[in-house]
Amino acid sequence: MIRGKITGRVWSSKHIETLPNGALLEVEVAGNTLVAFDPLGCAMGEEVLITQGSVAAAFFTKHKAPVDALIIGSIDDA
Amino acid sequence: MIRGKITGRVWSSKHIETLPNGALLEVEVAGNTLVAFDPLGCAMGEEVLITQGSVAAAFFTKHKAPVDALIIGSIDDA
Amino acid sequence: MIRGKITGRVWSSKHIETLPNGALLEVEVAGNTLVAFDPLGCAMGEEVLITQGSVAAAFFTKHKAPVDALIIGSIDDA
Amino acid sequence: MIRGKITGRVWSSKHIETLPNGALLEVEVAGNTLVAFDPLGCAMGEEVLITQGSVAAAFFTKHKAPVDALIIGSIDDA
Amino acid sequence: MIRGKITGRVWSSKHIETLPNGALLEVEVAGNTLVAFDPLGCAMGEEVLITQGSVAAAFFTKHKAPVDALIIGSIDDA
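Note that this is a predicted model, so its numbers are computed, not measured.

Undergrad: Which parts of the structure should I look at to understand the interface of chain A and chain C?
TA: Where the parts come together, the accessible area they lose is often given as the size of the interface. Across the boundary between the two partners, chain A contributes 22 residues, which contact 24 residues of chain C. Summing both sides of the interface, chain A and chain C together bury roughly 1,700 Å²; the carbon and sulfur share of this comes to 60%. Interface area lost by chain A to chain C is led by Met 1, Val 55 and Ile 72 of chain A, which between them contribute 38%. Taken together, the links from chain A to chain C amount to 2 salt bridges. The interface formed by chain A and chain C includes 12 residue pairs in polar contact (both at pLDDT 80 or more). Residue assignment for the side of chain A that touches chain C shows that the elements contributing at least two residues are strand E5 (47-52), helix H1 (54-57) and strand E6 (69-74) of chain A. When residues in the side of chain A that touches chain C are grouped by element, the largest group, 5 residues, is from E6 of chain A. In terms of residue class, the side of chain A that touches chain C is made up of 13 nonpolar, 6 polar and 3 charged. Bridge count between E6 of chain A and strand E2 (residues 14-15) of chain C: 2 bridges; the pairing is antiparallel. Bridged to Gly 73 of chain A within E2 of chain C is His 15 of chain C.

This is how it looks when you write it as structure tokens:
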């Protein structure tokens, strides 16, 4: 997994039908930005753990979701 | 997912049979260029979300498609 | 696989339900840091081998786990 | 997918049994070189589209092939 | 696939049970080092082809192996 910090949110009104409802958050990881699906209700600035690839998509069990980055946890403060 | 901007289109007359009909768009992502399948009819300059790997291929349910990058949504203007 | 050195541990009280119980260790790999699941009980500073992607998730056979990085071995001292 | 240019060919007399017969071409992609299986009969200098990972392997339907990079099309001249 | 040169070997006495018996070789690829399973009996300094990800794991058919990098061939001298 990789560790990142939530820096924003994106909205997409025009999308493919199989994109699940829910927040798509921008996460900064080592200077790069990716967009991850958030099933946990995370907040701006929160430190999170992200899983990627088909492992992320496997979280969605009712239908196939085109999601290749998923927030799986919020990292506790040290 | 990653966020990118559409910068061009490629055509391939000589291709393997399982490549689906549809637009193959060049997308610039953080200084690099990749080519993604576009099921949404996006336009030059549009900001899009891309999913990659087997998650992208899983969008094609009728037959196996050799597509490892898929545009899943257009990003709304802020 | 990639070779890395254990540099820390992360805790996540708020996480998705399918995250398995167990240690999530920070591993430094060629200057970058990733977080891997540790089924072996490794210690700080230990050199380990990590497998990634769906291959890592396949280790968990009872249920689908959102784990895309797994410590598969500790490297013997030369 | 990624776009690359064919720069060479590799031969491997000693290989695992499941490697399919066919050309293994060196392709330059943004300054890096990878080796892709070519089912199309491409020529030196040709610009091609490459798909990677399990999506590439899925092209081979008769048996499992250890191929993680596949040329899926030749790019038409602009 | 990627091309690399064998530069060493790693041993792991403490490992998960599903790691197959066999050589784990260090391979230098464009300045980076990865560790790949070697089913071919390759030697130090040999130039090899490596496949990665779930495609590498699929080589192991009797049980699921946590191997995400596999040597699939030795490259013939030019």
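Undergrad: Got a minute to help me understand the arrangement of the chains in this structure?
TA: Where chain A comes nearest to chain D, the C-alpha atoms are still 10 Å apart, and the two do not contact one another. A minimum C-alpha distance of 10 Å separates chain A and chain E, which share no contact.

Undergrad: Explain unusual backbone geometry here, please?
TA: Note: most residues except glycine have negative phi, and most peptide bonds are trans. We note that Ala 30 of chain C has phi near 50°; this positive angle belongs to a residue other than glycine. Structurally, Ala 30 of chain C is set in the loop between strand E3 (23-29) and strand E4 (32-38).

Undergrad: Could you clarify how one ought to interpret the confidence of the model for chain A in this entry?
TA: The predicted coordinates ought not to be read in detail in places where the model reports low pLDDT. Here chain A shows a mean pLDDT of 97. Residues at 70 or above account for 100%. Reported confidence for the predicted complex is 0.96 by ipTM and 0.97 by pTM.

Undergrad: Looking at this structure, I do not really get the relation of the copies chain D and chain E. What am I missing?
TA: Turning one copy of the chain about an axis and sliding it along that axis gives the other copy, so a rotation and a shift relate them. The two copies are related by a screw operation: chain D maps onto chain E through 72° of rotation and 0.0 Å of translation along the axis, at an RMSD of 0.0 Å. Read as a symmetry element, the transformation amounts to a five-fold axis. When the interface residues of chain D are mapped onto chain E, a mere 4% of them again fall at the interface, so the copies present different faces.

What counts as what
Every chain's residues receive numbers from 1 upward, in the order its sequence appears when written. Chain letters and ligand numbers both follow the written order, the letters beginning at A and the numbers at 1. Given that the model is predicted, a residue must reach a pLDDT of at least 70 before its local features are reported, and side-chain atom pairs must reach 80 or more before they are shown or counted; all residues, however, enter totals for whole chains, interfaces and linings. By convention in this description, side-chain values take in all heavy atoms of the structure and omit both hydrogens and water. The contact rule is simple, with two residues in contact once any of their heavy atoms fall within 4.5 Å. Summed over both partners, the accessible area (1.4 Å probe) lost when two parts come together is defined as the buried area. In the sections that follow, a salt bridge refers to a side-chain nitrogen of Lys or Arg positioned within 4 Å of a carboxyl oxygen of Asp or Glu. Residues adjacent in sequence count toward polar contacts only when both atoms are side-chain atoms; beyond that, a polar contact is any pair of N or O atoms within 3.5 Å, and within protein one must be able to donate a hydrogen and the other to accept it. Under the DSSP-based scheme used, a helix requires at least four consecutive residues in state H or I and a strand at least two consecutive residues in state E, with every element numbered from the N terminus. Note that Gly is not counted as nonpolar here; it falls among the polar residues with everything else outside the nonpolar set of Ala, Val, Leu, Ile, Met, Phe, Trp, Tyr, Cys and Pro and the charged set of Asp, Glu, Lys and Arg. Two strands pair if DSSP finds at least two bridges between them. pLDDT is a per-residue confidence score from the predictor, ranging from 0 to 100. The least-squares superposition of copies is restricted to C-alpha atoms, and to residues with a pLDDT of at least 70 in both copies.

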